[in-house]
Amino acid sequence: MKSAVVLLAFLAVSQGLLRIPLMRGKSARQLLEERGLFEEYRRKFPYNPSAKFLPRNEQSVVPMTFDPDTTYYGVIGIGTPPQFFRVLFDTGSSDLWVPSVRCTSSACDRHGKFNSSASSTFQAGTNPFYISYNSGFAAGSTGYDIIKISDLYVEHQLFGLTETEAVFLGSVPWDGILGLAFPSMSLEGGTPIFDNMWNQGKIPQNMFSMYLSSSVEGSVLILGGTDPSYYTGDINWIPLYQATNFWNIQIQSITINGNTVACSGGCEAVVDSGTSLITGTSKDINNINGWLGASPGQYGDAAVSCSNMNLLPNIVFNINGYSFSLPPSAFVIKSASGCRTGFAPGTWILGEVFMRQFYTAFDIGNNMVGFAQAV
Ligand SMILES: *[C@@H]1O[C@H](CO)[C@@H](O)[C@H](O)[C@H]1NC(C)=O
């Protein structure tokens, strides 16, 4: 009887969920490393993923940084008939934009471009959009159209059509960005796509979740709920902390073998699928990297020996009374240039390094983030 009830509940929550497969492309860093250009890039644009969460200036330009290590993207269709684009599903921003056929930058030539004349449902917007990035910018016009995600159609969605893009964008594996943070963070000034999806009654619950695999295939964005086939145990829920416009939570402490190594007395962190690493204040990050015996490597990364990787301790994040333990297999990043830790200085952000280990649910209706052990 109990199992029948559980099964019914499972069927009920699974219905109406949309699963969007995410692919892992080659990161911009990998591409630039292969072409021998990464060192120059790193010198010009030090790793600074926190910039996008700094307070906005008067021109309402959010200084963002392109993270050269992000790799996950999914496909959406824009217009009638749909034109398809690869987008980064970014919980750290709130706007949707793709390149347009009017873009003359070399970066756009490497990506799909939206042709508004070829869509019978396109409506031009009135405002231009401009997003300033640490490593350049993306700018253009705005418009409204139908967005197709999996089998779901979101109507009258505001989005940006770039006309100029920073050179660096030519190296990223995705064409554009689909923001999944809150409306007040939107630079285009419209309703973000997820809010429209909910307001238009397209999804059963006001939440989405993400499973990030370490393989090329298998990652998934789930709209409208959570899918137990991607995690084990329970989802541990954490209320948003002083939430205003992004997915902000409070970490009570970070420990190694019971010793507090960071966030002593608590710290607040953003859960961001658009940041590759875990970042935090430099004193705390240096302390963690010190405990891991890391040394400054090429490009200023925290290098560790690949062969001794499994001797490293787990790093435990204590959040809302739960302990989330990150093993070295999760926080050590292997690349052609060797092994490095996934901890870099900035403000506190739990990026892909954290989300690969923990399936993450973003509950807008209840202002909570949930983590469960990913399968
Ligand atoms: C855009 O679409 C229109 C209408 O289908 C077509 O005439 C035009 O050539 C297209 N422009 C480009 C740059 O593809």
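Cut-offs used in this document
Residues numbered from 1 in each chain as written. Predicted model: local features only at pLDDT ≥ 70, side-chain atom pairs only at ≥ 80, totals over all residues. Heavy atoms only, no water. UniProt positions renumbered as here; feature names shortened; annotations may be inferred. Helix = DSSP H or I, 4+ residues; strand = E, 2+ residues; numbered from the N terminus. Buried < 20%, exposed > 50% of the residue type's maximum accessible area, 1.4 Å probe, protein only. Polar contact = N/O pair within 3.5 Å; in protein donor to acceptor, adjacent residues only side chain to side chain. Disulfide = S-S within 2.5 Å. Near = heavy atom within 4 Å. Areas by Shrake-Rupley, 256 points an atom, 1.4 Å probe, with all protein chains shown as cover. Nonpolar A, V, L, I, M, F, W, Y, C, P; charged D, E, K, R; others polar. Arc of directions from axis to C-beta. Pairing = 2+ DSSP bridges. Core = buried A, V, L, I, M, F, W, Y, C linked by side-chain atoms within 4.5 Å. Domains from an automatic or database assignment.

Our focus in this paragraph is the UniProt feature "active site" (unreviewed entry) in the protein. Mapped onto this numbering, the UniProt entry gives "active site" (unreviewed entry) at D90 and D272. Spanning 183 residues, the named residues form one tight spatial group whose C-alpha atoms are at most 6.8 Å apart. Take D90: it is sitting in strand β3 (residues 83-90). On the secondary structure map, D272 appears in the loop between β15 (267-271) and β16 (278-280). Residue classification places D272 among the buried residues on the basis of a relative accessible area of 0%. Polar side-chain contacts of D272 include one of 2.6 Å to the side chain of T275.

In this section: the state of the cysteines. Taken as a whole and judged by the stated rule, the model has three disulfides. Paired through a disulfide, C103 and C108 show a sulfur-sulfur distance of 2.0 Å. Across the S-S bond linking C103 and C108, the dihedral sits near 75°, which makes this disulfide right-handed. Residue class for C103 comes out buried when judged on its relative accessible area of 3%. Each disulfide pairs two cysteine sulfurs, and for C306 the partner residue is C339, the sulfurs being separated by 2.1 Å. Since a negative S-S torsion denotes a left-handed disulfide, the C306-C339 link at about 115° is right-handed.

Residues in close proximity to the ligand include V101, N115, S117 and A118, which together make up its full environment. Residue N115 places a side-chain N or O atom 2.3 Å away from an oxygen atom belonging to the ligand. Relative to its free-state accessible area of 360 Å², the ligand is covered by the protein chains to the extent of 32%. Per-class residue counts for the shell around the ligand are two nonpolar, two polar and no charged.

For the rest of this paragraph, the subject is helix α6 (residues 282-291). Every buried residue belonging to α6 is among D284, I285, I288 and N289, and all of these are buried. Each buried residue of α6 sits inside an arc of 130° when the element is viewed along its axis, so together they form one side. For α6, exposure combined with an orientation more than 90 degrees from the buried face picks out K283 and N286. A positive phi of about 70° marks G293, the residue just after α6.

Strand order in the open sheet made by the four strands is β17-β18-β22-β21, with antiparallel pairing throughout. Sheet topology places β17 (295-296) and β21 (332-335) at the edges, where each strand pairs with a single neighbour. Two strands pair when backbone bridges link them, and β21 and strand β22 (residues 338-341) are joined in this way by four bridges, in the antiparallel orientation. Looking across to β22, one finds that K334 is bridged to C339.

Turning to the nonpolar core, a few remarks are in order. One finds F317 and F371 to be the most contacted residues of the largest nonpolar core, which totals 73 residues. At four residues, strand β7 (residues 152-165) tops the list of elements feeding residues into this core. When we break this core down by domain, the ones giving at least three residues each are domain 1 (17-211) and domain 2 (227-374). L88, I131, L169 and V172 belong to the second largest nonpolar core, which has 18 residues in total.

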